[in-house]
Amino acid sequence: MATLVDKPPKGPEWAFEVKWDGYRLAVHVEPGEVRAITRGGYDWSKKFGSIVAEARELGHATMIIDGEAVVLDDQGRSDFGLLQRAVGRKPSLHDAGEIIFYAFDLLYLDGQDLRMMPLVERRQLLEPIVAGRTGAIRFSEEVHADGAEFFRVACEHGLEGIIAKRRDAPYRSGRRPEWLKIKCARRDWFVIVGYEPSTMPGAIGRLLLAARKGDGLVYVGGCGTGWSNKESVQLRQLLDTMPASRPPVALKRKGAVFSEPIFVAEVEYRTWTQDGKLRHPSFKGIREMEGPFQVYESIATPER
């Protein structure tokens, strides 16, 4: 597992890849059986049938491949929400056949434990097995670039982030400094349209947020982190002084307390969900709205 850091490392000893936003899997190929095992140890072979089927055709009797199962959006970016729908029970525009397994490491091959080999040698063995494939199993390519520049471009294109790995490191389980993850984050201003009370008396559980849409507002989700207990109480006291005569957005949520859309919150978030909600939002600050054009403008298909 990769350790979260603020910026990419420097030096030729580091290799860089796209950070895929999906389910981590170890694909176990054994004589007569292939299993897709999650990071938590669950056998999800039935959920990832196309990956299991293709793994049988890779030409080796025994293998353990490490990688990430994803569904790509129409711009080729991995989208966790699309993946959840594809493996879920609810009807979806995306089915399990669209799931792709990006292979990035090889732990075991034809009876040989490869974990003590350097990453660069493990990938040299993996590449001819999966590179060039365009089906359910594909090779997670190394990006030959300066880490800082690659990170900048990845964020500009709406990717979740990048991964840095030491080329000379063996494969060790657990969260290790030999693998690093650097995540892209966005910050924008959103209108506060109310809150949901906390279980702590007098405090806020979640702020209800909206973005500008034409001359009105559209709900973009709730934010429940980023403040101290004291700040949570102060936020509730502030919003209680300006109750809304009617809900500022079309939202039916039990227990919601609506306020006049006078204040905006600065929010850090990772990306947008398919239904136009903020993913992993965190509160960073508040101020009075000085004009509508300070506020993030909602668009039909939010950028990620």
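To be clear, the structure that these remarks concern was listed above.
Just so we're clear, the structure is a prediction, and the values are computed from it rather than from any experiment.

## Describing the packing of aromatic side chains
So, point 1. By the definition in use, this model includes eleven aromatic pairs.
So, point 2. Pairing Tyr23 with Phe48 gives two aromatic rings, centres 6.4 Å apart and planes at 70°, and the pair type is edge-to-face. With a gap of 25 residues between them, Tyr23 in strand E3 (residues 23–30) and Phe48 in the loop between strand E4 (33–38) and helix H1 (49–55) connect regions that are remote in the sequence.
So, point 3. The buried category is assigned to Phe48, whose relative accessible area is 1%.
So, point 4. Taken together, Tyr23, Trp44, Phe48 and Phe80 form an aromatic cluster joined through their ring pairs.
So, point 5. Positioned above the aromatic ring of Trp44 is the side chain of Lys47, whose terminal nitrogen or guanidinium carbon lies 5.2 Å from the ring centre.
So, point 6. When the ring centre of Trp179 is taken as reference, the NZ or CZ atom of Lys165 above it lies at 4.0 Å.

## Some words on the sheet that holds strand E1 (residues 2–4)
So, point 1. Taken in spatial order, the four strands make up an open sheet running E1-E10-E9-E2, and their pairing is mixed. Looking at strand neighbours, the two that pair on one side only are E1 and strand E2 (14–18), the edges of this open sheet. Between one strand and the next, the sheet's axes are offset by a mean angle of 35°, whatever the strand orientation.
So, point 2. With five bridges joining them, E2 and strand E9 (residues 161–166) adopt antiparallel strand pairing. By the bridge assignment for E9, Phe16 is matched with Ala164.

## Concerning the side chain of Arg270
So, point 1. With respect to the helices and strands, Arg270 occurs in the loop between strand E15 (263–269) and strand E16 (271–272).
So, point 2. Looking at Arg270, its side chain comes within polar contact range of the side chain of Glu160, at 2.6 Å.
So, point 3. For Arg270, the contacting residues outside a window of four places in its chain are Asp21, Glu160, Lys183, Cys184, Arg279 and His280.

## Side note on the environment of Val257
So, point 1. Structurally, Val257 is set in strand E14 (residues 257–258).
So, point 2. For Val257, a relative accessible area of 30% translates into the label partly exposed.
So, point 3. Note: C-alpha distance between Val257 and Gly194 (63 residues apart in sequence) is 5.4 Å.
So, point 4. Ignoring any residue separated from it by four or fewer positions in sequence, one finds Val257 in contact with Val193, Gly194, Tyr195, Pro197 and Asp240.

## A short note on helix H3 (residues 119–130)
So, point 1. Along its twelve residues, H3 runs 16 Å from first to last C-alpha, staying within 8% of the 16 Å computed at 1.5 Å per residue.
So, point 2. Turning to H3, its buried residues number three or more, namely Leu119, Arg122, Arg123, Leu126, Ile129 and Val130. The buried side chains of H3 occupy one side of the element, clustering within an arc of 115° when seen end-on. Turned more than 90 degrees away from the buried face of H3, the exposed residues are Gln124 and Pro128.
So, point 3. For H3, the elements touching its buried residues are E2, strand E5 (63–70), strand E6 (100–109), strand E8 (137–139), E9 and strand E10 (176–183).

## Description of the state of the cysteines
So, point 1. As enumerated under the stated definition, the model contains one disulfide in all.
So, point 2. Shown here is the disulfide that connects Cys155 with Cys184, its sulfur atoms set 2.0 Å apart. Linking Cys155 and Cys184, the disulfide has an S-S dihedral of approximately -90° and is accordingly described as left-handed. Residue Cys155 is found in helix H4 (residues 147–156), and its partner Cys184 is found in the loop between E10 and strand E11 (186–197); the two are separated by 29 residues along the sequence.
So, point 3. The class for Cys155 is partly exposed, based on a relative accessible area of 27%.

## Observations concerning the pattern of salt bridges
So, point 1. By the definition in use, this model includes 23 salt bridges.
So, point 2. The salt bridge involving Arg122 is made with Asp105; its shortest N-O contact spans 2.7 Å. With a gap of 17 residues between them, Arg122 in helix H3 and Asp105 in strand E6 connect regions that are remote in the sequence.
So, point 3. On the accessibility criterion, Arg122 (0% relative accessible area) is buried.
So, point 4. One network of salt bridges, with partners in common, ties together Glu17, Arg123 and Lys165.

## Describing the environment of Phe48
So, point 1. Sequence separation between Phe48 and Glu160 is 112 residues, and the spatial gap between their C-alpha atoms is 22 Å.
So, point 2. When near neighbours in sequence (up to four residues on either side) are disregarded, Phe48 contacts Tyr23, Leu25, Ala36, Ala69, Leu83, Val87 and Ile99.

Parameters and conventions
Residues numbered from 1 in each chain as written. Predicted model: local features only at pLDDT ≥ 70, side-chain atom pairs only at ≥ 80, totals over all residues. Heavy atoms only, no water. Phe/Tyr/Trp six-rings, centres within 6.5 Å; stacked < 30°, edge-to-face > 60°. Helix = DSSP H or I, 4+ residues; strand = E, 2+ residues; numbered from the N terminus. Buried < 20%, exposed > 50% of the residue type's maximum accessible area, 1.4 Å probe, protein only. Lys NZ or Arg CZ within 6 Å of the ring centre and 35° of its normal. Pairing = 2+ DSSP bridges. Axes fitted to C-alpha atoms, helices over the stretch in contact; angles between N-to-C directions. Polar contact = N/O pair within 3.5 Å; in protein donor to acceptor, adjacent residues only side chain to side chain. Contact = heavy atoms within 4.5 Å. Expected span 1.5 Å × (residues − 1). Arc of directions from axis to C-beta. Disulfide = S-S within 2.5 Å. Salt bridge = Lys/Arg side-chain N within 4 Å of Asp/Glu carboxyl O.

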